[in-house]
6 protein chains.
Amino acid sequence: MSDQTDRLVRNPATAADLELFRQVEECLYTAVISDSLDELGYRNQALREFIRPLSPDDRFVGWARTFSYVDIYHIPPNPYAMEIDAIDSILPGEVVVVSTAGSLQNAPWGELLSTAARARGARGAVIDGLVRDVRKIQELEFPVFARGIKPVDSKGRGTIIDYNVPIECAGARVSPGDLVFADYDGVITVPAEVLPNVIQLAMEKVEKENGSRAELLQGAYLKDVFAKYGVL
Amino acid sequence: MSDQTDRLVRNPATAADLELFRQVEECLYTAVISDSLDELGYRNQALREFIRPLSPDDRFVGWARTFSYVDIYHIPPNPYAMEIDAIDSILPGEVVVVSTAGSLQNAPWGELLSTAARARGARGAVIDGLVRDVRKIQELEFPVFARGIKPVDSKGRGTIIDYNVPIECAGARVSPGDLVFADYDGVITVPAEVLPNVIQLAMEKVEKENGSRAELLQGAYLKDVFAKYGVL
Amino acid sequence: MSDQTDRLVRNPATAADLELFRQVEECLYTAVISDSLDELGYRNQALREFIRPLSPDDRFVGWARTFSYVDIYHIPPNPYAMEIDAIDSILPGEVVVVSTAGSLQNAPWGELLSTAARARGARGAVIDGLVRDVRKIQELEFPVFARGIKPVDSKGRGTIIDYNVPIECAGARVSPGDLVFADYDGVITVPAEVLPNVIQLAMEKVEKENGSRAELLQGAYLKDVFAKYGVL
Amino acid sequence: MSDQTDRLVRNPATAADLELFRQVEECLYTAVISDSLDELGYRNQALREFIRPLSPDDRFVGWARTFSYVDIYHIPPNPYAMEIDAIDSILPGEVVVVSTAGSLQNAPWGELLSTAARARGARGAVIDGLVRDVRKIQELEFPVFARGIKPVDSKGRGTIIDYNVPIECAGARVSPGDLVFADYDGVITVPAEVLPNVIQLAMEKVEKENGSRAELLQGAYLKDVFAKYGVL
Amino acid sequence: MSDQTDRLVRNPATAADLELFRQVEECLYTAVISDSLDELGYRNQALREFIRPLSPDDRFVGWARTFSYVDIYHIPPNPYAMEIDAIDSILPGEVVVVSTAGSLQNAPWGELLSTAARARGARGAVIDGLVRDVRKIQELEFPVFARGIKPVDSKGRGTIIDYNVPIECAGARVSPGDLVFADYDGVITVPAEVLPNVIQLAMEKVEKENGSRAELLQGAYLKDVFAKYGVL
Amino acid sequence: MSDQTDRLVRNPATAADLELFRQVEECLYTAVISDSLDELGYRNQALREFIRPLSPDDRFVGWARTFSYVDIYHIPPNPYAMEIDAIDSILPGEVVVVSTAGSLQNAPWGELLSTAARARGARGAVIDGLVRDVRKIQELEFPVFARGIKPVDSKGRGTIIDYNVPIECAGARVSPGDLVFADYDGVITVPAEVLPNVIQLAMEKVEKENGSRAELLQGAYLKDVFAKYGVL
């Protein structure tokens, strides 16, 4: 429904993007990103608790490419055209973020889409809905976070209605081009306009937490540690 | 409540049954069975996403033996008579499929019933409800799919009201004698009247998916692969 | 809100306590404790099925120290004072039991509180709510049972309103000083006044189950085993 | 499932019963009964908020006759025998209390059962489930409290499994012979063993509330009124 | 998304249609229609219990014109074009049936659409979602059944994605051209292919119920009445 | 928990306030206020659909006085002190807005608090929770919007933890001093900082809607009306 020209003006990840992704994955974690977003007044950027990784070590960072699915109750003519466009135009450095209005009827993601997305350079996927072919996705080592698992196809159960538009995914607003970061604690989405600030605050907070942790491990009382480092 | 004679007219698995089970377990998976059922117009045969295996490698195929439990709020006289009959009359090649009206109060399944069912030849169990003794069930290597885990007994919490009758289990209708197939993607139930057609369609679809997967892994675009194989 | 004097009259675990904990952990399991409580008329002592261990081998026994959190929608002045008191006054042999009115907005527990609680002698924690820093909690080997995982801080999302008062945690009433026992089947809370009876009944029931299990494993019919041992 | 002899040992309402019903209906209301039950330690006697009267003036008092229904997924042989017995044996002074395990699939109550129950002397009905024929039930002036309305028959959707046994109805335990009282604020069930105490406490509390109300209506501050009457 | 030509091939109600509507409204009710559909094996034609009339006397019969809405999280360009087409092409004798995937965020229906639909000849509307302007809709005397009431606009909250396609509305499948009948007991949808059979069966059942009711009102026992008329 | 001085710095309604309330009640409705808030980017100001008036003509406008309750599971010492303060310090022109974290256990509002609040000058109340004494509240003609009805007291079920602080009430953030407006379509809360803009936009929109309505009533097509007035 959105204008096609508008929807596609995006670019593959640059070397600077890749360096940023490396830094986030190696030095940061979703919890410290969440605290930094809180400090800047962005308090609803973490996805709901029901989005979990398919494999315990799944973890990724990238730019959001959003897909919006809805449930349907008939098989429309030419059902796959827009979905194929959406997948084939994925750019290196992107992560697929799928909304389904919380559908527990449709499993819009599986092995073939994982394989195709990875071939285009996708770094992972978040599905606010069901997925299938989980064993095979795990073998691909393509990281996927999802709401649940069910062995059903999307044909006649759901359809994509738009892509690269703002969506609601598991309780948070995700816009194309947000930085999406997923680790074992969950998934967080960082709007582009605050990204540099968020990274800087997070780096600073990691240091304080390191001090606090070290003292607590040695048996210090929380009262004293909090007085010294100001983090909890 | 159903007529006892009617309820028990079933037979142990034959050699042909065992060969069919082997073929399904080795060559097929629940997702491709689901797609084949869809094609034949049977679109609600997969159980809901909240039914998950107790162990990640749990997997089984067999004929459905259904049990229907309901919640109760008192301890009836002679509470175990029908449950004992239901378990002791299980036939080799069957799988136990338990409905509880979605009870989160009662855990009707545990180690002792798993042990007794396995002794009679059961190949696995699906419980649309809670289970307990999970560590010991895992040690038995008896595959069980369930809705959740809680350490409570069924006495005074639930009772079996019938067995070998049609039930609703996790959103799907399961009838005695359906082929029930469970793997990591979930559980699917195949009505006896379409079983041969389903197996044949599934075998054909597996082949197409193999071709499609191979090309996507080599970096092909989804558009071209879909044009060639017609599967997604 | 409760009277501070009253709230703190508790003692560190004695040698007898530690011996009791060892006995429960080694010889018993939550399911047999639940059955013994049932027999004594305490039928609602198991927490709901959505409380699960962060690591599959998490398991603990100890005296309940309760914390009561509620959701908030502003940042109160001096938000951490009571929480710090509650943590720093934990006694050796206690387990932290947190209620949040089932909040899915607030993650009141994470790595720093786990570290601080362990430093005071806590043996584990049950959170009827969300937690974060899960990988680091797993590395600490501090056993935590929780409702879910989300990377958000409690600041401006929730606040402790009292501790060492009766709470409702995942559907069960937990009072300070209850014996709380958690294993893979879930969490059960034993009121102090029935603890000796419960332990004795549980020991007896374990023996009967051992006999019943042995015969079922050898292929006996459930009818005969139930007639002999009277347990199911 | 319960023993038939046991189930039917009940008696029609006596003149003393009718005088009690009149007194409760004229002088008391469910809220003051609830407070009196609280004082005696019976704190879970009010049905959940989703049970509402079909007509705003519906109101009744009587002895509980319980019916227990469950959902089914086939049409059993001779489906109505127990339901007909249950209805035809209703005694004057009873109220029908129906549990369905919270079914939103089955509407077990409608015009014909209302008519038949009234013919036997029933004073009203509470259905923890759906009902139909609502306009005609309203015309009968037979008071019915229910969870919702849907125009479907029970045949093949639900079946009675027992009657005159303890049930759970909308979150409260109801036993045969409890006094059930329903007015616009909801439904409350009073166990027989505390009935005289409850009535006496309620009568006393009504008086205090009358004093408190009178002063508040004249503009008194709550602080002063509470100091004087001790009720809120 | 469906083909426009296909979607619009419908006709205004004929004189025969109007006669049918009159007959249904005057002689029948949703419950007896539901029973007749059951008898023909169409067992899921009644909408869920949460769809209620805005005014207690709301009642209508007509041919289904379906609208399918979904939630959105941005304001698309030209958001009203398809909605205006859908409304302006309503034909005399139709009833609007709106699905929203159960949205509690969007209120897609209000006074202006009610007025416009009535101007085109619509006989009523069923909204599986929220509505607003309820007082003004009541003044119009345009009958509307809905899931709830909230004073929010659809702009930026939801959008129509198709119309005159099969939808799921409150748990039932509704196809364009179904006969939709709504009264105080709820809403039922009759597929065109069974309509004549359903009407005939319903007429016959009404007669039996009249006999049964008359005898029960005179105090007959249910057992005897059921033996005579075979309806319950 | 908040600072008492801070919490009480509020003033009784002035003559200008009363004139504003009159204007809103007579000329506006919640739907047009919601649209004006949307236009200014305040898109989450309407309470959820489950908050409904106790009487169909209930309607009010006033400044928010917030109360925050939570569920409890014991009877604290001196349970009513803060609640009495909160009620007795209500100022003329205020409306009581109660949050309970969506409790379905506690009914914190009833006849006596309604009477006391009205005596202090409250213009109405919104309870995101249960209420009791509904018939008597209706007789008082004190307008109350609530989530449901149950005849239970708050003692031992819930307690106030703070007042005149920001709360979440039925899905919307309400701060002390917001303008709260309730009519049959629901409840909307207007932050003080946008109030003048909202009133002005709403007045303008009412006029456009009057034009649009008049033409639709005369049979105009929606397309033409929308082209002319730009409202839907």
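What counts as what
- Residues numbered from 1 in each chain as written.
- Chains lettered and ligands numbered in written order.
- Predicted model: local features only at pLDDT ≥ 70, side-chain atom pairs only at ≥ 80, totals over all residues.
- Heavy atoms only, no water.
- Helix = DSSP H or I, 4+ residues; strand = E, 2+ residues; numbered from the N terminus.
- Contact = heavy atoms within 4.5 Å.
- Phe/Tyr/Trp six-rings, centres within 6.5 Å; stacked < 30°, edge-to-face > 60°.
- Buried < 20%, exposed > 50% of the residue type's maximum accessible area, 1.4 Å probe, protein only.
- Least-squares fit on C-alpha atoms with pLDDT ≥ 70 in both.
- Right-handed = clockwise from strand over helix to strand, strands pointing away.
- Pairing = 2+ DSSP bridges.
- Buried area = accessible area lost by both parts, 1.4 Å probe.
- Salt bridge = Lys/Arg side-chain N within 4 Å of Asp/Glu carboxyl O.
- Polar contact = N/O pair within 3.5 Å; in protein donor to acceptor, adjacent residues only side chain to side chain.
- Axes fitted to C-alpha atoms, helices over the stretch in contact; angles between N-to-C directions.
- Parallel < 35°, antiparallel > 145°, perpendicular 65-115°, else oblique.
- Left-handed = near helix turned anticlockwise from the far one by under 90°.
- Nonpolar A, V, L, I, M, F, W, Y, C, P; charged D, E, K, R; others polar.

(A) Quick peek at the side chain of E:Asp153. Mapped onto the secondary structure, E:Asp153 falls in the loop between strand S5 (144–149) and strand S6 (158–163). Setting aside anything within four residues of it in sequence, one finds E:Asp153 in contact with E:Tyr80, E:Asn106, E:Ala107, E:Arg132, F:Asp35 and F:Asp38.

(B) A look at the packing of aromatic side chains. Residue and element names in this part refer to chain A. Scanning the entire structure with this criterion turns up 24 aromatic pairs over all chains. Considering the side-chain rings of phenylalanine 67 and tyrosine 163, the 6.4 Å spacing of their centres and the 55 degrees angle between planes classify their relative orientation as tilted. Linking phenylalanine 67 in strand S2 (residues 60–71) with tyrosine 163 in strand S6 (residues 158–163), this pair joins segments that are 96 residues apart in sequence. Pair check on accessibility: phenylalanine 67 and tyrosine 163 agree, each one buried.

(C) Spatial organisation of the arrangement of the chains. The closest approach of any C-alpha atom in chain C to one in chain E is 19 Å; the two make no contact. When C-alpha atoms are compared, chain A and chain F, though not in contact, are closest at a spacing of 13 Å.

(D) Region of interest: the relation of the copies chain C and chain B. Least-squares fitting of chain C to chain B yields an RMSD of 0.0 Å, with the transformation described by 0.0 Å of translation along the axis and a rotation of 120 degrees. These values place the two chain copies in the arrangement generated by a three-fold rotation axis. Judged by C-alpha distance, C:Phe50 is the residue of chain C that lies nearest the rotation axis, at 6.8 Å.

(E) Seen up close, the pairing of strand S3 (residues 94–99) of chain A. All names here are of chain A. Within S3, 6 of the 6 residues are buried, which leaves the element mostly enclosed by the surrounding structure. Judged by which residues are buried, S3 turns out to be covered on both faces: Glu94, Val96 and Val98 on one side and Val95, Val97 and Ser99 on the other are all buried. Taken together, S2, helix H4 (residues 81–88) and S3 form a β-α-β motif whose crossover is right-handed. Here S3 runs beside strand S4 (residues 125–131); their pairing, made up of 4 bridges, is parallel. Across the sheet, residue valine 98 finds its bridge partner in S4, namely isoleucine 127. A crossover connection joins S3 to the parallel S4 through helix H5 (residues 111–120); in handedness this β-α-β unit is right-handed.

(F) Main features of the interface of chain E and chain F. Taken together, the contact pairs 30 residues of chain E with 29 residues of chain F. For the pairing of chain E and chain F, the buried interface totals around 2,700 Å² over both sides, and the portion due to carbon and sulfur atoms is 58%. Between chain E and chain F we count 4 salt bridges in total. Seen at the junction of chain E and chain F, the total is 16 residue pairs in polar contact (both at pLDDT 80 or more). For the side of chain E that touches chain F, the element with the most residues is helix H5 (residues 111–120) of chain E, which contributes 8 residues.

(G) Up close: the packing of helix H2 (residues 15–27) of chain C against helix H7 (residues 195–217) of chain C. All names here are of chain C. Axis separation between H2 and H7 bottoms out at 12 Å; the angle between their running directions is 30 degrees. Of the possible angle classes, the one that applies to H2 and H7 is roughly parallel. H2 and H7 meet at a crossing whose hand is left-handed. Two secondary-structure elements touch here, H2 through Leu20, Gln23, Val24 and Cys27 and H7 through Leu195, Ile199, Met203 and Val206.

(H) Highlighting the packing of helix H4 (residues 81–88) of chain E against helix H8 (residues 222–229) of chain F. For the pair H4(E) and H8(F), the least separation of the axes is 9 Å and the interaxial angle reads 140 degrees. With respect to each other, H4(E) and H8(F) are oriented oblique. Residue-level inspection shows E:Ile84, E:Ile87 and E:Asp88 of H4(E) in contact with H8(F), the latter providing F:Leu222, F:Lys223 and F:Phe226. Of the residues contributing to the contact of H4(E) with H8(F), the split by class is 4 nonpolar, no polar and 2 charged.

(I) Main features of unusual backbone geometry. Of note in the backbone geometry, D:Ala170 takes a positive phi value of approximately 55 degrees without being a glycine. Among the secondary structure elements, D:Ala170 is positioned in the loop between strand S7 (167–169) and strand S8 (172–174). On the basis of relative accessibility, which here comes to 2%, the residue D:Ala170 falls in the buried class. With a phi angle near 55 degrees, E:Asn164 is a residue other than glycine that sits in the positive phi range. As for its position among the elements, E:Asn164 is in the loop between S6 and strand S7 (167–169). For E:Asn164, a relative accessible area of 7% gives the class buried.

(J) Local environment of the interface of chain C and chain B. Taken together, the contact between chain C and chain B spans 29 residues of the former and 30 residues of the latter. Both faces considered, chain C and chain B share a buried interface measuring about 2,700 Å² in area, 58% of it formed by carbon and sulfur atoms. Where chain C touches chain B, the interface holds 4 salt bridges. One salt bridge in this structure joins C:Asp35 and B:Arg132, with 2.8 Å as the shortest N-O distance. Where chain C packs against chain B, one counts 16 residue pairs in polar contact (both at pLDDT 80 or more). The set of elements that each furnish at least two residues to the side of chain C that touches chain B consists of helix H3 (30–39), H7 and helix H8 (222–229) of chain C. Of the residues forming the side of chain C that touches chain B, the biggest block, 5 residues, is contributed by H3(C).

(K) Focus on the pattern of salt bridges. Inspection of the entire model under this criterion finds 96 salt bridges over all chains. B:Glu94 is the partner of B:Arg65 in a salt bridge, and the nearest nitrogen-oxygen pair spans 2.6 Å. Taken together, the residues span a long stretch of sequence, with B:Arg65 in strand S2 (residues 60–71) and B:Glu94 in strand S3 (residues 94–99) at a distance of 29 residues. No difference in accessibility class separates B:Arg65 from B:Glu94, as the two residues are buried. Here the residues in one salt-bridge network are A:Asp35, A:Lys205, A:Glu209, C:Arg132 and C:Asp153, joined through shared partners.

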